[in-house]
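Here's the letter readout for the chains.
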Amino acid sequence: MSNLKKISIVIPSFNEETNIDVMVNTLHEVMRKLPYEYRLVFVDDGSSDNSLKKLEILSKDDSRLFFAALSRNFGHQNALKAGVDLVKDYSDAVITMDGDLQHPPVLIPELIKKWEEGYDVVYTIRDEDKALSYFKKKTSKCFYTIMNKLSEVEFEPGTADFRLMDKKVVAVFSDFSENELFIRGIISWIGFNQYAINYKPQTRFSGKSKYTIGKMVRFALQGITSFSTRPLHIAIFLGIGLTMLAFLFFMIYVIYSIYFGHVISGWASLLSTVVFFGGLNLIVLGIIGIYIGKLFMQSKGRPNYLIKETNFK
């Protein structure tokens, strides 16, 4: 029986058929040079292409390649957790990364080195990609600024889901049963001894990014509401401030009417005010609704994912 430490590499995959071969070969090339037992575990997140079929074929001739197919698309974060849960009893450390080669596999030895030095979590921070659009750069910066203003957990700009976790961190992480996972925040929240490594993102080998603007907005809202109730506090202070402002203007209106002896005209301004306050009410109700919705979904106790097929042993 081998005394080598065991490392699992978990790769969530959604419609990455054209990237799988290159990803597998590159990871093997990196890991074979290191003195560790290892497994590559792809989690097929309900792909509509031939990703699963390709994984099934490759795994027949590759004893280190495993896959788990989810019953439908559960989302990147849930697929990532499915893979970590699957390998937790096998691994001394788990590495998670995307399957499009934007997370450079050549950085894995550096992650492992820091782990061997005693760090429980070795995470990565993406350097600014000059190829990114101005819009994406600004929205990303804005997201982390808002997160740090609203949350009690510190979020470093550019933090990625490319990380190594020691088995004791994996054990803690696997016990989380939150309905809407924001793993970057969870890993930051749980603490332990952590170390950050900067990296330059590579270009996607093939295919298109799965993160649309809509998904990015939802992901941002998910992160903010998962680690902070401050938006509710903002709603309260906003309500108090606007009530005081409205009372002040009402007093001005009364004094003006008494002094000049006639009512102030201006239906347009009145309607604008009504619409303005109506919109604010909807915003506040929306904020409250998000939190109530999260409680409702959490109360159902549904699993984060369902595995329909796997060859993991």
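Note that the structure is a prediction, hence the values are computed from the model and not measured.

**Re helix α1 (residues 17-31)**
With 15 residues, α1 extends 22 Å from end C-alpha to end C-alpha; this agrees with the ideal 21 Å at 1.5 Å per step. When we look at burial in α1, the residues that qualify are Asn19, Ile20, Met23, Val24, Leu27, His28, Val30 and Met31. Considered in projection along α1, the buried side chains sweep an arc of 160 degrees and stay on one side of the axis. In this structure, the buried residues of α1 make contact with β1 (6-13), β2 (37-44), α2 (51-60), β3 (65-70) and α4 (108-116).

**A closer look at the environment of valine 22**
One can find valine 22 in helix α1. Accessibility expressed as a relative area gives 26% for valine 22, which makes it partly exposed. Sequence separation between valine 22 and glycine 99 is 77 residues; the distance between their C-alpha atoms is 9.6 Å.

**Quick word on the packing of helix α3 (residues 76-87) against helix α6 (residues 167-174)**
At a minimum axis separation of 10 Å, α3 and α6 run at an interaxial angle of 120 degrees. Between α3 and α6, the angle falls in the class oblique. Where α3 crosses over α6, the two elements pack in a sense that is left-handed. From α3, Lys81, Val84 and Asp85 reach across to α6, where they touch Val170, Phe173 and Ser174.

**Notes on α3**
Taking 1.5 Å per residue, twelve residues should reach 16 Å; α3 reaches 17 Å between its end C-alpha atoms and fits that length. Taken across its twelve residues, α3 has ten buried, putting it largely inside the fold. If you check which residues of α3 are buried, you get Gln77, Asn78, Ala79, Leu80, Lys81, Ala82, Gly83, Val84, Asp85 and Val87.

**Brief notes about the pattern of salt bridges**
Inspection of every chain in the model, using the stated rule, returns eight salt bridges. Here aspartate 21 ties to lysine 54 by a salt bridge, and the two come within 3.0 Å at their closest N and O atoms. Of the two residues, aspartate 21 is situated in helix α1 and lysine 54 in helix α2; the sequence distance between them amounts to 33 residues. Taking the relative accessible area as the measure of exposure, lysine 54 reaches 23% and is therefore partly exposed. The shortest N-O distance in the salt bridge between lysine 81 and aspartate 85 comes to 2.9 Å. Within this pair, lysine 81 and its partner aspartate 85 are both found in helix α3, separated by four residues, close to a single helical turn. As far as burial versus exposure is concerned, lysine 81 and aspartate 85 are alike and both buried. Within the structure, one salt-bridge network assembled from shared partners comprises Asp120, Asp166 and Lys168.

About the cut-offs
- Residues numbered from 1 in each chain as written.
- Predicted model: local features only at pLDDT ≥ 70, side-chain atom pairs only at ≥ 80, totals over all residues.
- Heavy atoms only, no water.
- Helix = DSSP H or I, 4+ residues; strand = E, 2+ residues; numbered from the N terminus.
- Expected span 1.5 Å × (residues − 1).
- Buried < 20%, exposed > 50% of the residue type's maximum accessible area, 1.4 Å probe, protein only.
- Arc of directions from axis to C-beta.
- Contact = heavy atoms within 4.5 Å.
- Axes fitted to C-alpha atoms, helices over the stretch in contact; angles between N-to-C directions.
- Parallel < 35°, antiparallel > 145°, perpendicular 65-115°, else oblique.
- Left-handed = near helix turned anticlockwise from the far one by under 90°.
- Salt bridge = Lys/Arg side-chain N within 4 Å of Asp/Glu carboxyl O.

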